[in-house]
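Now for the letters of each chain:
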Amino acid sequence: MSNSAIKVAPSILASDFSRLGEEIQAVTDAGADWLHIDVMDGMYTSNITIGIPVVASLRAHCTIPMDVHLMIEDPGRYVKDFADAGADIITFHPEAARHPHRVLTAIKDAGCKAGLVLSPGIPEDDIEYLVDGVDLVLIMTVNPGFGGQAFIPEMLRKIQNVRAMIGDRDVEVDGGIDDRTAPAVIEAGGNILVAGSYVFKSPSYLEAIETLKNSAP
Ligand code: DX5
Ligand code: ZN
């Protein structure tokens, strides 16, 4: 995987929510490729974060693709709303949907890129019959719910397996990504790195994003 193929998607969960527009401008200026937006409903996750009106108001401030990660029960209910709000990419957890194939179709029909997310306890085999229609797979390397958690190294094997499953499509990795964990993630086959704390808690967003992009071992 060449360095130029590595994309960084800062997760705004770790940003200063009182200055969200400025934060987005700052990471965009620092070279962010996608903006990762974590939507949590207090049901699939214990935490509650961002909803449709916030995504809609961010659209005007955001010149890079908005990558909306739905950590919600029954995600199909809200696909159209998030697409209308300006999402470019919508990913969801298949076990939170009764009919995940139908949700994938709804995301595509709404004009967005579609992706499945694998929580740490969900094996890649669960998506064997769903991956044909996906643009990307997101592998979580922490449990959904919060930023700032420790990377789970057992997920590296899952990243390798998903890379083998989906060829040259995007393999996004989310949770505990920093300068120490990124090299192994890239080596395993990840090419889109989501990073919340590492970028937004860094004194230089530019340096943090550059470091991740150049962390191929
Ligand atoms: C966790 C979220 C992540 C989170 C990552 O449920 O999906 O996107 O913001 O945060 P860090 O990079 O701090 O682990
Ligand atoms: Zn996320």
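Residues numbered from 1 in each chain as written. Chains lettered and ligands numbered in written order. Predicted model: local features only at pLDDT ≥ 70, side-chain atom pairs only at ≥ 80, totals over all residues. Heavy atoms only, no water.

A. Spatial organisation of the overall build of the chain. When you go through the chain residue by residue, the secondary structure sums to eight helices and eight strands. Here the C-alpha atoms of the chain give a radius of gyration of 16 Å, agreeing with the 17 Å that 2.2 N^0.38 yields for 217 residues. Projected onto its principal axes, the C-alpha coordinates of the chain cover approximately 45 × 35 × 30 Å. Here the chain holds 217 residues, and the buried ones make up 53% of them. For the chain, contacts bridging at least 24 residues in sequence account for 64% of all contacts bridging at least 6. Working note: accessible area of the chain is about 9,400 Å², and carbon and sulfur atoms make up 50% of it. For the chain, the separation between the mean place of its 16 positive charges and that of its 31 negative charges on side chains is 3 Å. (Helix = DSSP H or I, 4+ residues; strand = E, 2+ residues; numbered from the N terminus. Rg over C-alpha atoms; globule rule 2.2 N^0.38 Å. Buried < 20%, exposed > 50% of the residue type's maximum accessible area, 1.4 Å probe, protein only. Contact = heavy atoms within 4.5 Å. Areas by Shrake-Rupley, 256 points an atom, 1.4 Å probe, with all protein chains shown as cover. Lys, Arg positive; Asp, Glu negative; His and termini not counted. Charge placed at Lys NZ, Arg CZ, Asp CG, Glu CD.)

B. Focus on the nonpolar core. Formed by 62 residues in total, the largest nonpolar core has its most connected members in Ile 12, Ile 37, Ile 90, Val 137, Ile 177 and Val 199. Non-local contacts of Ile 37, meaning those with residues more than four positions away in its chain, are made with Ile 12, Ile 50, Val 55, Leu 58, Met 66, Asp 67, Val 68 and His 69. Of all hydrophobic cores here, the second largest spans six residues; its members include Trp 34, Leu 136, Ile 192 and Val 194. (Core = buried A, V, L, I, M, F, W, Y, C linked by side-chain atoms within 4.5 Å.)

C. Spatial organisation of the site of ligand 1. Neighbouring ligand 1 are 20 residues; Asp 38, Asp 174, Gly 176, Gly 196 and Ser 197 lie closest to it. A distance of 2.8 Å separates an oxygen atom of ligand 1 from a polar backbone atom of Gly 145. Between ligand 1 and Ser 197 there is a distance of 2.5 Å, counted from an oxygen atom to a side-chain nitrogen or oxygen. Look at ligand 1: alone it shows 390 Å² of surface, and the protein chains cover 99% of it. (Near = heavy atom within 4 Å. Polar contact = N/O pair within 3.5 Å; in protein donor to acceptor, adjacent residues only side chain to side chain.)

D. Seen up close, the side chain of Lys 158. Looking at where Lys 158 falls in the secondary structure, it is placed in helix α5 (residues 155-166). Glu 124 provides the closest opposite charge to the buried, salt-bridge-free Lys 158, at an N-O distance of 5.5 Å. In this structure the side chain of Lys 158 is engaged in a polar contact, spanning 2.9 Å, whose partner is the backbone oxygen of Ser 119. Excluding its chain neighbours within four sequence positions, the residues that come into contact with Lys 158 are Leu 118, Ser 119, Pro 120, Ile 122, Glu 124 and Ile 139. (Salt bridge = Lys/Arg side-chain N within 4 Å of Asp/Glu carboxyl O.)

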